[in-house]
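Residue-level listing of the chains:
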Amino acid sequence: MTTSLDLEHLRTLIAIAECGGFGKAAAVRHISQPALSQHVRLLERGLKRKLFERDGRTMRFTHEGERVLAEARRIIEVHDASLHRLEAERDRTIVVGSTEHSAQQILPEMIRALQAAFPDCATRFEIGRSTQLAEAVGKGAVDFAFVLDPGGQGAGHVVGRLPLVWYTARGWRPRDPGETWPLIAFEEPCGLRERALSVLTGEGHRVEVTAQSTTLEGVLAGVRAGLGVALLPSAGGRPSGLTVCGDLPDAGTTHLRMVARRGLAAEVERTALSAGVEFFAQRPHLQLVPPAGTAAQGA
């Protein structure tokens, strides 16, 4: 006897009982009648029981078929009730995404805002790279996320701008004119990496990516080890063990955007956006976009 039962086959069995025949059940299940008959044959083969017998021009359940039908109804009822409970639990959880760059500063503000506005909801966080978070939001796995947009053309709400700063290890010696500048960067694709290379080569510097990482901690470790310079956004404070390199050209700022999944409750999106804007409003050294108390849609 089989060690598992296919739920779709069990649903077919229930449909036959409720519709009174194979033809109507196939229509209700949106499958062909041969496919429906195959469901029945696979059940019979797996259970080693004959579930139907011919009664004139129709098919009716055997005694064993009636027993299996009763079990099928119990299994489907428990399965569907469990799904309903899990879906309800998911709806009570707000999933927030953030890049590593903004997590330490912005997420505490977000926790307070969401807990105050939705005390019955749990909050779960996903920390990752901007490209990964944007994909997760698009798939609906994350409710909303704060992502970096160095190009300024991304989707979502513009929350503010973060200054881009060149960091090196303490005591690191800047390169002489004509020497190659070693760059520590995130693995591609990465807007910050593209900005760093564009700024340096635009000033006539030769550049070589001497180390790369998928995580912020990996980039910071490379800089602390003296392997090169890194261009990173700053939301306040300076990474431990690093110093600002003033020998390189100004790299400008990067947009910080909030992207939300389709169908997210409007009140959740408004609360999150307000918390992000308030973060910038309380920090005059950062650039607020738009003016405090308002929200702007990105392209």
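Before reading on, note that the structure itself is shown above.
Remember, it's a predicted structure, so these values are computed and weren't measured experimentally.

Quick word on the overall build of the chain
Here is step 1: Per the secondary structure count, the chain includes nine helices and 13 strands.
Here is step 2: Against the 2.2 N^0.38 benchmark of 19 Å for 299 residues, the chain shows a C-alpha radius of gyration of 29 Å, more extended than a compact globule.
Here is step 3: Relative to its full complement of 299 residues, the chain shows a buried share of 43%.
Here is step 4: For the chain, the exposed area adds up to about 16000 Å²; of that, 50% sits on carbon and sulfur atoms.

Section: the packing of helix α1 (residues 7-19) against helix α2 (residues 22-29)
Helix-helix packing: each pair is described by the crossing angle between the helix axes and the interaxial distance.
Here is step 1: Relative orientation of the contacting elements α1 and α2 amounts to 125°, with a least axis distance of 8 Å. Relative to α2, the element α1 is oriented oblique. The element α1 and its partner α2 pack so that their crossing is right-handed. Of the residues in α2, those in contact with Glu-8, Arg-11, Thr-12, Ala-15, Ile-16 and Cys-19 of α1 are Phe-22, Lys-24, Ala-25, Val-28 and Arg-29.

A short note on α2
Here is step 1: All of the buried residues in α2 are Phe-22, Ala-25, Ala-26 and Arg-29. Axial view of α2: buried residues confined to an arc of 100°, hence all on one face. Exposed residues lying more than 90 degrees from the buried face of α2 are Lys-24, Ala-27 and Val-28.
Here is step 2: Close packing links the buried residues of α2 with α1, α3 (33-47), β1 (52-55) and β2 (58-61).
Here is step 3: With its phi angle positive at about 60°, His-30 sits one or two positions after the end of α2.

Concerning the environment of Pro-189
Here is step 1: Inspection of the secondary structure assignment puts Pro-189 in the loop between β7 (180-186) and α7 (191-202).
Here is step 2: What makes Pro-189 exposed here is its relative accessible area of 53%.
Here is step 3: Linking Pro-189 and Thr-131, residues 58 residues apart in sequence, is a C-alpha distance of 7.8 Å.
Here is step 4: Discounting chain neighbours no more than four positions away, the residues touching Pro-189 are Arg-129 and Thr-131.

Conventions adopted
- Residues numbered from 1 in each chain as written.
- Predicted model: local features only at pLDDT ≥ 70, side-chain atom pairs only at ≥ 80, totals over all residues.
- Heavy atoms only, no water.
- Helix = DSSP H or I, 4+ residues; strand = E, 2+ residues; numbered from the N terminus.
- Rg over C-alpha atoms; globule rule 2.2 N^0.38 Å.
- Buried < 20%, exposed > 50% of the residue type's maximum accessible area, 1.4 Å probe, protein only.
- Areas by Shrake-Rupley, 256 points an atom, 1.4 Å probe, with all protein chains shown as cover.
- Axes fitted to C-alpha atoms, helices over the stretch in contact; angles between N-to-C directions.
- Parallel < 35°, antiparallel > 145°, perpendicular 65-115°, else oblique.
- Left-handed = near helix turned anticlockwise from the far one by under 90°.
- Contact = heavy atoms within 4.5 Å.
- Arc of directions from axis to C-beta.

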